[in-house]
Amino acid sequence: MTVKLVHSGGNGVSIAPPDANPASDKTVKLPATNGTLLTTSSAPSFRNVIYNGACQIAQRGSSFASVTATGTFPVDRFVFHVGSLGTWTVSQDTDVPTGQGFAKSIKFDVTTADASPAAADYARIDQRLEGQDLQRFRKGTANAKDFALSFWVKSPKTGTHIVELQDADNNRLISKAYTISSANTWEKKELIISKDTTGAFDNDNAKSLTIAWWLAAGSDYTSGTLATSWVTPTNANRVVGQVNCADNTANNFYLTGVQLETGDVCSDFEHRSYGDDLRACQRYYFKETAVNNGFLSACGFAANATFGIVHCDFPVPMRAAPTALEQTGTAGDYKLGRRTSATTCSSVPVFDFANTNHAHVLWYVSSGMEAGEGVFMRTTTTDVYLAWSSEL
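Note that the structure is a prediction, hence the values are computed from the model and not measured.

So, on to the side chain of Arg172. Tracing the chain through its elements places Arg172 in strand β11 (residues 172-180). Using a relative accessible area of 15% as the deciding quantity, one classes Arg172 as buried. Apart from the residues within four sequence positions on either side, Arg172 is in contact with Lys139, Leu165, Gln166, Asp167, Asp196, Thr198, Trp230, Val231 and Pro233.

As a further point, take the sheet that holds strand β3 (residues 63-67). Read from one edge of the open sheet, six strands run β3-β6-β7-β14-β9-β12, paired in antiparallel fashion. One side of each edge strand has no neighbouring strand; the edge strands of this open sheet are β3 and β12 (187-193). Each strand axis lies, on average, 20° off the axis of its neighbour in the sheet, ignoring direction. Bridge count for strand β6 (residues 87-93) against strand β7 (residues 105-112) is seven bridges, and the pairing is antiparallel. Note on β7: the bridge partner recorded for Thr89 is Asp109.

Judged from the four bridges that link them, strand β16 (residues 295-302) and strand β23 (residues 374-379) form a sheet pairing that is antiparallel. For Cys299, the partnering residue across the bridge sits in β23 and is Phe376. Of the pairings in the sheet, the one linking β16 to strand β17 (residues 307-313) comprises four bridges and is antiparallel in character. Paired with Phe301 across the bridge in β17 is Ile309. Where β16 folds back onto β17 in an antiparallel hairpin, the turn is made up of four residues.

Applying the stated criterion across every chain, the model contains two cavities of 30 Å³ or more. There is about 50 Å³ of room inside the largest cavity. What lines the largest cavity is simply Phe73, Arg77, Val79, Asp126, Gln127, Arg128, Glu391 and Leu392. At three residues, the largest contribution of residues to the lining of the largest cavity is made by strand β8 (residues 122-130). For the second largest cavity, the calculated volume is near 30 Å³.

For the rest of this paragraph, the subject is unusual backbone geometry. Of note in the backbone geometry, Ser66 takes a positive phi value of approximately 55° without being a glycine. Residue placement: Ser66 occurs in strand β3.

Read across the sheet, six strands follow the order β4-β5-β8-β13-β10-β11 without closing on themselves; strand pairing throughout is antiparallel. Each having just a single partner strand, β4 (72-75) and β11 make up the two edges of the open sheet. Across the sheet, the axes of successive neighbouring strands diverge by a mean angle of 30°, strand direction being ignored. One ladder, built from five bridges, connects strand β10 (residues 159-167) with strand β13 (residues 207-217); its direction is antiparallel. Counterpart to Asp167 in the pairing with β13 is Leu209.

Bringing the packing of aromatic side chains into the picture now. Inspection of every chain in the model, using the stated rule, returns 19 aromatic pairs. Ring geometry for Phe286 and Phe314: centres 6.2 Å apart, planes at 70°, overall edge-to-face. Remark: Phe314 occurs in the loop between β17 and β18 (326-327) and Phe286 occurs in strand β15 (residues 285-289); sequence separation between them is 28 residues. Comparing Phe286 with Phe314 shows no difference in burial state: the two are buried. Ring plane angle 25° and centroid distance 5.9 Å describe the contact between Phe295 and Phe376, whose orientation is recorded as stacked. Of this pair, Phe295 sits in strand β16 while Phe376 sits in strand β23, and the two are 81 residues apart along the sequence. When its relative accessible area of 37% is taken as the criterion, Phe295 is described as partly exposed. Take Phe376: its relative accessible area is 23%, and that puts it in the partly exposed class. Chaining the aromatic ring pairs together yields one cluster made of Phe78, Phe151, Tyr178 and Trp213. Here the guanidinium or amino end of Arg77 rests over the ring plane of Tyr284, the centre of that ring lying 3.7 Å away. Taking NZ or CZ as reference, Lys139 lies 5.4 Å from the ring centre of Phe201, over its face.

The rules behind the values
- Residues numbered from 1 in each chain as written.
- Predicted model: local features only at pLDDT ≥ 70, side-chain atom pairs only at ≥ 80, totals over all residues.
- Heavy atoms only, no water.
- Helix = DSSP H or I, 4+ residues; strand = E, 2+ residues; numbered from the N terminus.
- Buried < 20%, exposed > 50% of the residue type's maximum accessible area, 1.4 Å probe, protein only.
- Contact = heavy atoms within 4.5 Å.
- Pairing = 2+ DSSP bridges.
- Axes fitted to C-alpha atoms, helices over the stretch in contact; angles between N-to-C directions.
- 1 Å grid on protein atoms, 1.4 Å probe; cavity = no way out; pocket = protein on both sides within 12 Å on 5 of 7 lines; lining within 4 Å.
- Points joined across faces, edges and corners; volume = space filled by probe spheres on them.
- Phe/Tyr/Trp six-rings, centres within 6.5 Å; stacked < 30°, edge-to-face > 60°.
- Lys NZ or Arg CZ within 6 Å of the ring centre and 35° of its normal.

Dropping the structure here:
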């Protein structure tokens, strides 16, 4: 049935039912103030505070095998934490829910199972957020807003799974259970997580909130009563009821379409362009990969006969100044170019300095440079890269 509100002039506005039956009832809230208009727009509203929620950016690589320790990013901004609980291959994958506009997901493939985790064992996937991105939730005030978290998940296990919000600024935590109805089937989960009137998020660029999707946990995390309201963390109450997604090498867990917004209603996923997502992710990690027969897009000058200082601009300002240089390969994979020739380096590139906008890298050769002449970076293979991190 369609309802039409008609103006006295004859034209009106029709309210029609959705084209397809939604997974659950939706709510549209009318304005509370007289004269306020309802508007529609195709432009992004940036209501989603999650980075790379469609899992389309994977600067570090698309697959990582034999993962047994914390710190692997299968896609940008999502970090896998595992402590003595199985061996995994974590990757960016093309298995996605049908007809939802997604092209990529994160896949967690169990390659060595752990059917009986020890008490302190765990496996989970996290995203960490800056406090200045979270002020819209008004946490710690009388006007605090609920957290509306939605995502698509495909789990090898039916039953209870746990997602957790951790407030790093005030040492507070809340856990939320969701149920998988059919194993190995994409399901959309829409969770309303209670607002918190205690403890405001710091308004800065440091870590304030972590969202954690648990895959398995030992009794240190499951032996109490689930923390379904905001509390000071007690490990035993964090993951009560969580199934073990690591108990068989046939198990694969997938995640995509992650959205976190304010309010008590989960809206449809806000798709963003690849370019928008890439620029947002480069605030936290930037990888400079060799292209066009080994050229890297940076140049500098020779300080003396044996080393050059190369200036590397970041494509967007980073969250904080990086303190190290990530590189791959050996000295023989790098060259320092000058005029019409290039000299193989005597060591791998070395971090010199960085701020949020650029970095200086030192390139060493055995001889042949002239002080003050221009130099540029070369490599002997396109597999070589330099990278800088400013992750939370």
